[in-house]
Amino acid sequence: MTQHTEVAVIGGGQAGLAAGYHLRRQGLDFVILDADAAPGGAWQHLWDSLHLFSPAEHSSLPGRLMPAQPGQTYPGARHVVDYLTDYEKRYDLPVRHGTRVEAVRRDGSRLVVEADTGIWRAKAVISATGSWSRPFLPAAPGRPVFTGRQLHTVNYRRPADFAGQRVVVVGGGNSGAQIAADLALDEHVEVTWVTQHPPRFLPDDIDGRALFDVATARRRALDTGSSDTGGVASLGDIVAVPPVRAARDAGLLTAKPMFARLTADGARWDGGSHTTVDAVVWCTGFRPALSHLAPLNLRGPRGHMLTDGTRARGEPRLHLLGYGDWTGPASATLIGVGRPARDAAREIAHLLRS
Ligand code: FAD
């Protein structure tokens, strides 16, 4: 069945909901199509011990502050899911859960959104599909011959799943450090953390609040033609959230350089020594989930798309939200997505009225 709408938003995580909030304010007719059966986007799939790197009031979408989680400065992932569930209801956002978009095509003055449950003809599209559904695994030597368990960040849940096992965690970003810390703090797991480059911890007093301030200062500097302040990346990579700090301070979180290759039952290191390994957790990042946009032929370098702000270059009816800084500073964070969502809704309203 074909339905008509002014704007189709693809993805109902935080970015899609923020888009919905601002499309409503612009008085536009829209639908949000979301592949997940339940609200919460990627937050409903994160590991048990994950906590935000910012306090609740610094992790809010437009219009409604995230309430504090009793007893926790940094709310847990479940709390974020509850907040997003409430947000969706409170603003009566028209989210169709369990609807996966397979393709977006041009058809004259409309964009045709083909989903597994139906077709929507829209005047504009906002894609907000995140990256959780596109885990990236590097082509590491020996990976195909290793007979132990291999999983990605997206499959990791809790240390109890590895009781009595030797586990290698690969990756020097926040996921790698947090999962290595989670495992290292469990006495029943033997964990080795490996990183390609020595890990760069941010100073302990820097959390998501400060990172957002740094990103904002950089945006202001660039907007006003001042010299680049260097942004967040110049400070370090790993936020020293409480479990990471605890494991690090207990001497349990020391990174080794990458292994030379995996073998059938373990890892061989430069110099020839060998460790038997039961499982490898690849915390090696994500790519933007953009395959549904392939028919539009807009792909840019490294799996990204070229954009001016949130607007796709080459298709003014398409906006991209979330994903990473390339769609707006801190666009892939709870507090940061509000501003690009507002800009996208404004631009679409202007386009449709002109
Ligand atoms: P997602 O939450 O991934 O939502 C995308 C939605 O799109 C999903 O519901 C999915 O079902 C749907 N979808 C995907 N493909 C399709 C399709 N083809 N058709 C229809 N629907 C589709 N940010 C913070 O602000 N603070 C933090 O502390 C923080 N910690 C993080 C920790 C980790 C480990 C990770 C991975 C990220 C963290 N982030 C944090 C970053 C960011 O806030 C999250 O990644 C967030 O989930 C991104 O929201 P999103 O809406 O862009 O994408």
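Figured I'd write up the structure that's included with this text. (Residues numbered from 1 in each chain as written. Predicted model: local features only at pLDDT ≥ 70, side-chain atom pairs only at ≥ 80, totals over all residues. Heavy atoms only, no water.)

Pairs can form between side chains of opposite charge whenever their charged atoms are close. Under the counting rule described, the total for this entry stands at 16 salt bridges. The salt bridge involving Asp-82 is made with Arg-78; its shortest N-O contact spans 3.7 Å. With a gap of four residues between them, Asp-82 and Arg-78 both fall in helix H2 (residues 77–90), about one helical turn apart. Judged by its relative accessible area of 43%, Asp-82 is partly exposed. (Salt bridge = Lys/Arg side-chain N within 4 Å of Asp/Glu carboxyl O. Helix = DSSP H or I, 4+ residues; strand = E, 2+ residues; numbered from the N terminus. Buried < 20%, exposed > 50% of the residue type's maximum accessible area, 1.4 Å probe, protein only.)

This next bit is on the packing of aromatic side chains. One pass over the structure, following the stated rule, counts eleven aromatic pairs. When the ring of Trp-47 is compared with that of Tyr-156, the centres are 6.2 Å apart and the planes differ by 65°; the resulting orientation is edge-to-face. Pair noted here: Trp-47 is in the loop between strand E2 (30–34) and H2 and Tyr-156 is in the loop between strand E7 (149–152) and strand E8 (166–170), with a separation of 109 residues, a long-range link. In this structure, Trp-47 and Tyr-156 share a single accessibility class: buried. For the ring pair Tyr-156 and Phe-162, a centre distance of 5.9 Å and an interplane angle of 20° mean the geometry is stacked. (Phe/Tyr/Trp six-rings, centres within 6.5 Å; stacked < 30°, edge-to-face > 60°.)

Residues Arg-134, Arg-287, Arg-299 and Arg-302 make up a contiguous surface patch of positive charge. If you trace the backbone, Arg-299 turns up in the loop between strand E14 (279–282) and strand E15 (307–308). Since its relative accessible area comes to 42%, Arg-299 is described here as partly exposed. (Patch = residues over 30% accessible without salt bridge, like charges linked within 9 Å, V, L, I, M, F, W, Y side chains within 5 Å. Areas by Shrake-Rupley, 256 points an atom, 1.4 Å probe, with all protein chains shown as cover. Lys, Arg positive; Asp, Glu negative; His and termini not counted. Charge placed at Lys NZ, Arg CZ, Asp CG, Glu CD.)

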